Amino acid sequence: MKEYKTVEFENSDEFVEKKSKFIGYVKPVQTQEDAVSFINSIKSKHWDATHNVYAYVLKENNIQRYSDDGEPSGTAGVPVLDVILKNGLVDICVVVTRYFGGIMLGAGGLVRAYSHGSKIAVESGNMITMAPCKILTVSVEYSFYERVNNLLSDFDANVENTEFADHVTITFSLKQERVTDLQNKLTDLSNGLYQLNEIGEKFAKI
């Protein structure tokens, strides 16, 4: 897999529909164990809720699971899953908790409510694209630090660590196909003084 979309962090959002309170939770997950653990934590937190509906999608083996958790079949888990799939997201788990407010929403109302709960949860988790990236370091003089920092920003590099010692050493991730262009630009800017050092690779935000 070259690139994939997921969410950056765990978060939640909520709304009220005809006195029913809906709370949408989202978390990036990588295994079924991660997803089940997250679902159980929400169920434990909201043990008194009327429903804790969930859906999750994992890129490995293209796993997709959902549950209506007592809502009429097709009105809850599927709408939550549909939002995930329509946004092209993987390695994600969404739980939509409902506290019933006494007014029936009907099948169409439930679909809309659970879709909206999933949508605001996903948006709260900040959708990002992950891609194969090189992990690189570069050590520069303090006088060159601002210029290299601006250069990394221009190339959409993700700075992961900066150490200030005799030199400034920056550790960052960068999309694989941009490494050569960055090195060429760095060579031009520094008159060949500085080189990028590759220390690994991983999927990272781009």
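From a predicted model like this one, the values you see are computed outputs, not experimental measurements. (Residues numbered from 1 in each chain as written. Predicted model: local features only at pLDDT ≥ 70, side-chain atom pairs only at ≥ 80, totals over all residues. Heavy atoms only, no water.)

Visitor: Would you mind going over the nonpolar core with me for this structure?
Guide: A general tendency of soluble globular proteins is for nonpolar side chains to be buried together. Judged by nonpolar contacts, the single largest core of 27 residues is most densely connected at Phe22, Val80, Ile84, Ile92, Val94, Tyr114 and Val122. Among the elements that line this core, the one with the most residues is helix H3 (residues 106-124), at six residues. Other than its neighbours up to four places away in sequence, Val122 contacts Val7, Val26, Val83, Leu89, Ile92, Val94 and Met127. Counting 18 residues, the second largest nonpolar core, distinct from the first, contains Ala157, Val179, Leu186 and Leu196. (Core = buried A, V, L, I, M, F, W, Y, C linked by side-chain atoms within 4.5 Å. Buried < 20%, exposed > 50% of the residue type's maximum accessible area, 1.4 Å probe, protein only. Helix = DSSP H or I, 4+ residues; strand = E, 2+ residues; numbered from the N terminus. Contact = heavy atoms within 4.5 Å.)

Visitor: Just checking my understanding: could you explain helix H4 (residues 145-154) for this structure?
Guide: Since one α-helical turn is 3.6 residues long, residues separated by three or four positions face the same way. Residues of H4 that are buried: Val148, Leu151 and Leu152. Buried residues in H4, looked at end-on, bunch into an arc of 100°, giving them a common side. Away from the buried face of H4 by more than 90 degrees, exposed residues Glu146 and Asp154 are located. Where the residues of H4 are buried, they touch strand S7 (127-140), strand S8 (158-164), strand S9 (168-175) and helix H5 (179-190). (Arc of directions from axis to C-beta.)

Visitor: What's the story with the side chain of Thr97 in this structure? I'm lost.
Guide: Counting through the fold element by element, Thr97 comes out in strand S6 (residues 92-99). You can call Thr97 buried: its relative accessible area is 0%. In terms of polar contacts, Thr97 uses its side chain to reach the side chain of Asn52, at 2.6 Å. (Polar contact = N/O pair within 3.5 Å; in protein donor to acceptor, adjacent residues only side chain to side chain.)

Visitor: I keep staring at the packing of aromatic side chains and nothing clicks. Help me out?
Guide: Each aromatic ring pair is summarised here by two numbers: the centre-to-centre distance and the angle between the ring planes. According to the stated counting rule, one finds seven aromatic pairs in the structure shown. Pairing Phe15 with Phe22 gives two aromatic rings, centres 5.2 Å apart and planes at 10°, and the pair type is stacked. Note on Phe15: relative accessible area 14%, which makes it buried. Here a set of aromatic residues connected by ring pairs shows up, and it is made of Phe15, Phe22 and Tyr114. When the ring centre of Tyr4 is taken as reference, the NZ or CZ atom of Lys59 above it lies at 4.3 Å. The ring of Phe203 is capped by Lys59, whose NZ or CZ atom sits 6.0 Å from the centre of that ring. (Phe/Tyr/Trp six-rings, centres within 6.5 Å; stacked < 30°, edge-to-face > 60°. Lys NZ or Arg CZ within 6 Å of the ring centre and 35° of its normal.)

Visitor: Even after reading the chapter, I still don't get the sheet that holds strand S3 (residues 20-28), so can you show me in this structure?
Guide: Strand pairing within a sheet occurs via backbone hydrogen bonds; the two strands may be parallel or antiparallel. Spatially, the five strands line up as an open sheet ordered S2-S3-S6-S4-S5, and their pairing is antiparallel. Taken across any chain shown, the strands that pair with only one partner, and hence form the sheet edges, are strand S2 (11-17) and strand S5 (63-67). Mean inter-strand twist for the sheet, computed between neighbouring axes without regard to direction, equals 10°. In the sheet, S2 pairs with S3 via seven bridges, with the strands oriented antiparallel. Within S3, the position partnered with Ser12 by the bridge is Tyr25. Each of strand S4 (51-58), S5 and S6 is contacted by helix H2 (residues 77-86), which is oriented at about 35° to S4, the strand it contacts most. (Pairing = 2+ DSSP bridges. Axes fitted to C-alpha atoms, helices over the stretch in contact; angles between N-to-C directions.)

Visitor: When you look at H2 in this model, what are you seeing that I'm missing?
Guide: Where H2 is concerned, the buried positions are Gly77, Pro79, Val80, Leu81, Val83 and Ile84. Buried positions along H2 lie against S4, S5, S6 and H3.

Visitor: Help me understand the pattern of salt bridges in this model?
Guide: Pairing between side chains of opposite charge can happen when the charged atoms of each approach one another. All told, the structure shown has 12 salt bridges when counted by the stated rule. Notably, a salt bridge pairs Lys59 with Asp91, separated by 2.7 Å at the nearest N-O pair. Of the two residues, Lys59 is situated in the loop between S4 and S5 and Asp91 in the loop between H2 and S6; the sequence distance between them amounts to 32 residues. Here Asp91 falls in the buried class, since its relative accessible area comes to 4%. A network of salt bridges, in which partner residues are shared, links Glu3, Lys175 and Glu177. (Salt bridge = Lys/Arg side-chain N within 4 Å of Asp/Glu carboxyl O.)

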